[in-house]
Amino acid sequence: MSSFRRYCHMNRDIKNITRSILFVVLLGILVPACEKQEDPLAVLNIDTGLSLELTQTLTPNGGMPSIDIWTTDEVNCSNAIIKNKVFSWATIAEIVIEGFGYNGGSCEEGKSKPRINLPLQMEPAYQSFFISITGAGKLGGVVNKVNEEYALNMESQKGFFSRNNVVRRIVPGMYWGYIEIKPGETNPEEVFKKIDQLLNQYEDQTFSFQNGDYTYFKVINNKVNLNSLNATGKFVSFAFKLKGINLEPFVYAVKSVPNISGHIYSYAGTEYVL
């Protein structure tokens with residue numbers, strides 16, 4: 001083999017070795033970079049803001065009051081979550097917000113308002129809580145119970161927006177929904193009057209909403225918020241606790257009213273279509 005050919009082979013081998021080394025080095029750089037993109041614990045920007053509101057979640061013993069927390073502004077990942085830890089004692093609860101994560105993966109294109117929930121005890125008449133953000137301090141508040149109503153009171157602090165609202169705890173045996181007037185009905189007032197009569201006939205009067213005000217009725221984990229369903233135009237919303245244990249007579253009676261449709265939802269998760 002000529003010196004020139006040996007030189008070419010040697011030069012090619014050197015290039016191949018160089019390429020291999022560069023590939024290994026590049027791989028060593030890229031792999032950690034990819035790992036860093038997988039579910040990083042991003043710092044929660046307090047300027048993004050957090051909205052807080054009192055709501056409730058369904059439990060076997062009734063609606064448990066809880067603090068619903070979500071970002072006031074949208075974040076730039078459709079699968080963003082708020083990483084947190086929850087601690088609960090007899091009359092105090094705390095949620096520690098650690099930052100944003102991406103549910104075990106990397107940031108997916110889109111926008112979202114991630115939210116978390118801080119459950120509270122049902123029995124104490126007075127329960128305090130703290131919402132702690134790593135590196136940004138601690139926000140305190142209390143929830144007062146009067147009968148079955150729970151009132152939220154919180155400190156004011158930059159980056160937090162609290163509605164300081166009130167909810168009424170729901171209990172097993174409650175039903176809620178809406179009834180809508182079908183097109184062509186010429187006397188909706190008479191139809192609504194019949195519906196009201198049926199509700200009065202079947203509901204437990206000891207657990208009723210004063211003046212039909214459902215503002216305090218809200219269950220987050222099955223997306224019920226009757227405040228947004230209050231009667232406007234040709235439909236009426238309702239919530240009541242059944243007198244007795246059998247709803248079928250009420251459903252049958254409502255279905256006998258002409259020119260209506262609607263849905264009835266139960267505490268147990270059953271849905272009735274009218």
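Each chain carries its own residue numbering, running from 1 in the written order of its sequence. Confidence filtering applies because this is a predicted model: local features only for residues at pLDDT of at least 70, side-chain atom pairs given and counted only at 80 or more, and all residues used for totals across whole chains, interfaces and linings. Side-chain calculation: all heavy atoms of the structure are included, whereas hydrogens and water are not.

Is there a simple way to think about the environment of Pro-119 in this case?
Its location among the elements puts Pro-119 in strand 5 (residues 115-119). Sequence separation of Pro-119 and Ser-66 is 53 residues, and the distance between their C-alpha atoms is 4.2 Å. In this analysis, two residues are considered to be in contact whenever any of their non-hydrogen atoms come within 4.5 Å of each other. Among all residues touching Pro-119, those that are not within four sequence positions of it are Met-64, Pro-65, Ser-66, Val-86 and Ala-93. Put simply, DSSP marks the helices as runs of H or I at least four residues long and the strands as runs of E at least two long, and each gets a number from the N terminus on.

Help me out: how do you make sense of the sheet that holds strand 5 in this one?
Sheets are built from strands paired through backbone hydrogen bonds, the pairs being either parallel or antiparallel. Spatially, the four strands line up as an open sheet ordered 5-2-1-9, and their pairing is mixed. Both outer strands of the open sheet, strand 5 and strand 9 (160-162), are each paired with one neighbouring strand and no more. Each adjacent strand pair in this sheet contributes to an overall mean axis angle of 40°, direction not counted. Relative to strand 9, strand 1 (residues 50-59) is paired through three bridges, and the arrangement is parallel. In the sheet register, Leu-50 faces strand 9, and the bridge partner there is Phe-160. A pair of strands is considered paired only if DSSP assigns at least 2 bridges between the two. Comment: axis = line fitted to C-alpha atoms, over the contacting stretch for helices; angle = value between 0 and 180 degrees taken between N-to-C directions.

Would you mind going over the packing of aromatic side chains with me for this structure?
The geometry of an aromatic ring pair comes down to the distance between the two centres and the angle between the two planes. For this analysis, a ring pair means two rings from Phe, Tyr or Trp (six-membered ring only for Trp) whose centres lie within 6.5 Å, classed as stacked if their planes differ by under 30 degrees, edge-to-face if by over 60, and tilted for the remaining angles. Using the criterion set out here, one finds six aromatic pairs in the structure. Put simply, the rings of Tyr-175, Tyr-202, Phe-238, Phe-240 and Phe-250 touch in pairs and so form one group of aromatic residues. Lysine and arginine charges are scored as sitting over a ring when NZ or CZ, respectively, is within 6 Å of the ring centre and within 35 degrees of the ring normal. Its guanidinium or amino end placed over the ring of Phe-130, Lys-138 lies 5.0 Å from that ring's centre, counting from NZ or CZ.

Where do I start with the sheet that holds strand 14 (residues 235-241) in this structure?
Strand order in the open sheet made by the four strands is 14-11-15-16, with antiparallel pairing throughout. The open sheet is flanked by strand 14 and strand 16 (271-273), the only strands paired with a single partner. Strand after strand, the sheet turns through a mean of 15° between neighbouring axes, direction not considered. The pairing of strand 11 (residues 174-181) with strand 15 (residues 260-266) spans seven bridges and is classified as antiparallel.

Explain helix 3 (residues 248-255) to me, please; I cannot follow it from the model alone.
An α-helix turns once every 3.6 residues. As a result, residues three or four positions apart point the same way. Any residue under 20% of the maximum accessible area for its type is buried, any over 50% is exposed, and the rest in between are partly exposed; the area is computed with a 1.4 Å probe on protein chains only. For helix 3, the set of buried residues is Phe-250, Val-251, Ala-253 and Val-254. Across the axial projection of helix 3, the buried residues extend over an arc of 165°, all falling on one side. Those residues of helix 3 that are buried are in contact with strand 11, helix 2 (188-202), strand 14, strand 15 and strand 16. Summarising the geometry, the arc corresponds to the directions from the helix axis toward the C-beta atoms.

Which parts of the structure should I look at to understand the packing of helix 2 against helix 3?
Working note: a packed helix pair is described by the angle between its axes plus the distance between those axes. Between helix 2 and helix 3, the least distance of the axes is 10 Å, while the angle of their chain directions is 170°. In terms of orientation, helix 2 lies roughly antiparallel with respect to helix 3. Between helix 2 and helix 3, the contacting residues are Ile-195, Leu-198, Leu-199 and Tyr-202 on the first element and Pro-249, Phe-250, Ala-253 and Val-254 on the second. In this classification, the charged set is Asp, Glu, Lys and Arg, the nonpolar set is Ala, Val, Leu, Ile, Met, Phe, Trp, Tyr, Cys and Pro, and all remaining amino acids, among them Gly, are polar. Here the residues of the contact of helix 2 with helix 3 sort into eight nonpolar, no polar and no charged. Here is the rule for angles: anything less than 35 degrees is roughly parallel, anything more than 145 is roughly antiparallel, 65 through 115 is roughly perpendicular, and the remaining ranges are oblique.

Help me understand the nonpolar core, please; the structure alone is not making it clear to me.
Soluble, globular proteins show a tendency: their nonpolar side chains are buried together. Ile-67, Phe-129 and Ile-131 are the most contacted members of the largest nonpolar core, which totals 28 residues. Of all the elements in the fold, those that place two or more residues in this core are strand 1, strand 2 (62-71), strand 4 (92-101), strand 5, strand 6 (126-133), strand 7 (137-146) and strand 8 (149-154). Among the elements that make up this core, the one with the highest residue count is strand 4 (four residues). Here Phe-129 is in contact with Ile-67, Ala-93, Leu-118, Leu-120, Leu-139, Gly-140, Gly-141, Val-142, Val-143, Leu-152 and Met-154, once residues within four sequence places are set aside. Here, nonpolar core refers to any group of buried Ala, Val, Leu, Ile, Met, Phe, Trp, Tyr and Cys residues whose side-chain atoms link them within 4.5 Å. Formed by 23 residues, the second largest nonpolar core is a distinct cluster that contains Leu-199, Leu-242, Val-257 and Tyr-272.

Is there a simple way to think about the pairing of strand 15 in this case?
Look at any regular strand and the pattern is simple: side chains alternate between the two faces of the sheet. Taking burial as the measure, the seven residues of strand 15 include six buried ones, the bulk of the element. Linking strand 15 to strand 16, which pair antiparallel, is a turn of four residues; within it Gly-269 sits at a positive phi near 100°.

I'm lost on the pattern of salt bridges in this one. Help?
A pairing counts as a salt bridge when a side-chain nitrogen of Lys or Arg comes within 4 Å of a carboxyl oxygen of Asp or Glu. If you walk through the whole model with that rule in mind, you get six salt bridges. For Glu-53, the salt bridge identified is with Arg-163, shortest N-O distance 3.4 Å. Linking Glu-53 in strand 1 with Arg-163 in the loop between strand 9 and strand 10 (166-168), this pair joins segments that are 110 residues apart in sequence. In this structure Glu-53 comes out as buried when scored by relative accessible area, which is 17%. A salt bridge links Arg-115 to Asp-68, with the nearest nitrogen and oxygen atoms 2.3 Å apart. Of this pair, Arg-115 sits in strand 5 while Asp-68 sits in strand 2, and the two are 47 residues apart along the sequence.

So what exactly am I meant to see when it comes to the side chain of Gln-127 here?
Within the fold, Gln-127 resides in strand 6. By relative accessible area, which is 2% here, Gln-127 ends up buried. N or O atoms closer than or at 3.5 Å make up a polar contact, with two conditions inside protein: a donor-capable atom paired with an acceptor-capable one, and, for residues adjacent in sequence, both atoms drawn from side chains. A distance of 2.8 Å separates a polar side-chain atom of Gln-127 from the backbone nitrogen of Gln-121. Excluding residues within four positions of it along the chain, Gln-127 makes contact with Trp-89, Ala-90, Thr-91, Ile-92, Ala-93, Leu-120, Gln-121, Gly-141, Val-142 and Val-143.

So, to be careful, I would describe these as geometric facts and stop short of saying anything about function.
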